[in-house]
Number of protein chains: 2
Amino acid sequence: MTQPRKTPTMADVARIAGVSPMTVSRAFKRDSSVSEATRDAILQAAEGIGYVFDSTASSLRSQRTDFVAVTIPSINNANFAETLRGLSEGLKARGLQILLGYTDYDIHEEERLVEQLLRRRPEAIVVTGGKHTPRTRRLLDSAGIPVIETWDLPADPIGHVVGFSNAEAVRGMIDHFVAQGAQRIAFIGGDADRDTRGTDRREGFVAAMRAQGLDASRLIDAGAPPISMREGADAMGRLLDWLPDTQAVICVSDLSAFGALTECQRRGVAVPGDIWIAGFGDYEIAEVSVPALTTINPFPREIGARAAALILDVLDGRQAGPATVAIRPELMIRQSSK
Amino acid sequence: MTQPRKTPTMADVARIAGVSPMTVSRAFKRDSSVSEATRDAILQAAEGIGYVFDSTASSLRSQRTDFVAVTIPSINNANFAETLRGLSEGLKARGLQILLGYTDYDIHEEERLVEQLLRRRPEAIVVTGGKHTPRTRRLLDSAGIPVIETWDLPADPIGHVVGFSNAEAVRGMIDHFVAQGAQRIAFIGGDADRDTRGTDRREGFVAAMRAQGLDASRLIDAGAPPISMREGADAMGRLLDWLPDTQAVICVSDLSAFGALTECQRRGVAVPGDIWIAGFGDYEIAEVSVPALTTINPFPREIGARAAALILDVLDGRQAGPATVAIRPELMIRQSSK
DNA sequence: CTCGTTTATGTTATCGATAACACACCCTGT
DNA sequence: ACAGGGTGTGTTATCGATAACATAAACGAG
């Protein structure tokens, strides 16, 4: 925190190295044609006076910020964190830096956030989900940069898409339970329309149950997202109180599923003996818990990696029109459902 | 993705609203003295042509980016995510945006990252931990902005500090176990020196055990950070094989502690009957698991909130010299240790 | 009725890097 | 010997917003 008189600029470095500022500029982006000796002298001069490149000025002149904006519902969620990792790793090689914001599962917060992020003039923007306010959509439409919607397959995409159908994934789970002989199947999830992916999963549950000719009314509201382990446990308690003959339960995420499992353990309800439990997301807990939890793996890391690759393709002109990359979630059958 | 001819600027808005660009500029930052009518006309004109404020240009001229740089070891860790939440919420009110990077628990990666972040000219920088490469330290020293080290109490701080002593926290846990009557106590954690906080905890374990006159050699290496549930389970397996008479085990985090617990469940080792288990971090799993896990709550959210408050104090001139905010972690005694 | 003050707006120069263009020098081939 | 091309570096103008300064209009007090 030593306060030097003033932050040095390229001009200062140029003066010391005995070259023009333009040569300093070229020396700082490796690619250009500056002789080895000159570059070394420049970098040494820079290090000597503690010069740090100023991206702000560079961005204004070159009209390239090397930012990629990303919005996720919650920072504290392993699935989205994995998507972020995939993105970040894919973009790092090209020197693209992620500008992150989280929406708290609220599309109005998303609107504020998207505007704030666009002010930084990112090269591309990645949003989670396919449901947005009209103004968000307008902002994204006219931003003039690649837009990628993830974790969903929107009917009317804004631009590019890397995602999967949440409803269809849940259907696969129901088919699994039915094949195992279950008929009285419940769903634990948020009843509010806030978490759009959670809502899609619930609606997928209802549709698939009806398609099977089964009763789709065993819906337990676990509150507003993010739905915690604790809330999953509470919801399971209510389910066991009200509909004790339930044979299987699908939870909106592995976290609530694990919570539900612990509630069964506390009550002496055997899993998988008395009731089957399934989650969503293939979080680490699903693999490690005893019993291990049946779940759906949506390959969150791959979503991020594919989104990053897509961004690079578009920026390099290898991808012209809007692309849709469909991820195929995988049913992970473990002890909790057999 | 409609590609408009060119992104509109303030000058375009000014022309349409029939005012000077300066007035548009003032209208966009609420505080200034622009008449109600003029502001409305300007904002409407802006919305009409889809103008979005350009922070890049603003930052260059005003020398204020409204960025706060933050580095964390891993994005996929609930504790650091909570710190980030605390930070983000505290800074949002002032329009400060977080510029995030993660170091993967590697101080050389941290060095690259810090330089990259400083290029964006943040108003302040928050780093996790108190161990850095010499160049990182030099960069931070001469950056001319507030520097805050967190999650640690470094002996020789760079600037401000919001943290706690990892070693001391572990000592409290050992005192608890000893008071309960345990003597053969083990530690499960990374043996590599990569995760500096994990190393501090291990060293704290060794020092505190010796202070109690107990054998401090029951150290199980769980690999390189981040240490997962799975790795905690593996480590517990090795501990039970090699030192089956161990009475209590302290894990470097709740995640590995939970993994250790599941390994006991698989082997029919009773927790807390046969062995006591404790973790670190007070993750949600510690409260929900059966049995609930004894742990240490370092108040990660508060670390972020206090860091944010400190940044605002410094930027507003309310805080002159370097401050150290000591957080007092709390021992959370639950079923797994009684 | 004039002057001082407040309110609302305009003008000019500038933040720091770099795109676009220019050019001197050296090398190679015919 | 000279055209032609590559290599390394310099000059000038510019990205878009805003700090600093200037000023016109409105208003109240003496």
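The model shown is predicted, which means the values in this text are computed figures rather than measured ones.

What counts, and where the lines are drawn
- Residues numbered from 1 in each chain as written.
- Chains lettered and ligands numbered in written order.
- Predicted model: local features only at pLDDT ≥ 70, side-chain atom pairs only at ≥ 80, totals over all residues.
- Heavy atoms only, no water.
- Helix = DSSP H or I, 4+ residues; strand = E, 2+ residues; numbered from the N terminus.
- Rg over C-alpha atoms; globule rule 2.2 N^0.38 Å.
- Contact = heavy atoms within 4.5 Å.
- Areas by Shrake-Rupley, 256 points an atom, 1.4 Å probe, with all protein chains shown as cover.
- Lys, Arg positive; Asp, Glu negative; His and termini not counted.
- Charge placed at Lys NZ, Arg CZ, Asp CG, Glu CD.
- Least-squares fit on C-alpha atoms with pLDDT ≥ 70 in both.
- Pairing = 2+ DSSP bridges.
- Axes fitted to C-alpha atoms, helices over the stretch in contact; angles between N-to-C directions.
- Near = heavy atom within 4 Å.
- Polar contact = N/O pair within 3.5 Å; in protein donor to acceptor, adjacent residues only side chain to side chain.

1. Focus on the overall build of chain A
In terms of helices and strands, chain A carries 13 helices and 12 strands. Taken over C-alpha atoms, the radius of gyration comes to 25 Å for chain A, far larger than the 20 Å a tight globule of 338 residues would show. Here the analysis covers contacts within chain A between residues at least 6 apart in sequence; of these, 68% occur between residues at least 24 apart. Carbon together with sulfur atoms contributes 49% to the accessible area of chain A, which is approximately 13800 Å² in total. Taking the average place of the 38 positive charges on the side chains of chain A and the average place of its 43 negative ones, the gap between the two points comes to 5 Å.

2. Re the relation of the copies chain A and chain B
Superposing chain A onto chain B takes a rotation of 180 degrees combined with a translation of 0.0 Å along the rotation axis, leaving an RMSD of 0.1 Å. This pairing of chains is accounted for by a two-fold axis. Most of the interface of chain A is mirrored in chain B, where 100% of its interface residues are also at the interface.

3. Comments concerning the sheet that holds strand S9 (residues 276–278) of chain A
Residue and element names in this part refer to chain A. With parallel pairing, the four strands of this open sheet are ordered in space as S7-S6-S8-S9. Both outer strands of the open sheet, strand S7 (219–221) and S9, are each paired with one neighbouring strand and no more. For this sheet the average axis-to-axis angle between neighbouring strands, irrespective of direction, equals 20 degrees. Note that strand S6 (residues 185–189) and S7 share three bridges and pair parallel.

4. Some details on the protein's contact with DNA strand D
Around DNA strand D sit 25 residues in total, of which A:Thr23, A:Arg61, B:Met10, B:Ser25 and B:Tyr51 are the nearest. If you look at DNA strand D and keep only atoms within 4 Å of the protein, 61% of those are sugar or phosphate atoms. Side-chain polar atom of A:Arg61 to a base oxygen of DNA strand D: 2.6 Å apart, as the coordinates give it. For DNA strand D, a phosphate oxygen lies 2.5 Å from a polar atom in the side chain of B:Tyr51.

5. Observations regarding the sheet that holds strand S11 (residues 324–326) of chain B
Residues and elements named next belong to chain B. An order of S2-S1-S3-S4-S5-S11 is seen for the six strands of this open sheet, with the pairing classed as parallel. Of all strands in the sheet, those with a lone pairing partner are strand S2 (97–102) and S11, marking the two edges. Here the strands of the sheet are splayed against their neighbours by 15 degrees on average, with no regard to which way each runs. The pairing of strand S1 (residues 67–72) with strand S3 (residues 124–128) spans three bridges and is classified as parallel. By the bridge assignment for S3, Val70 is matched with Val126.

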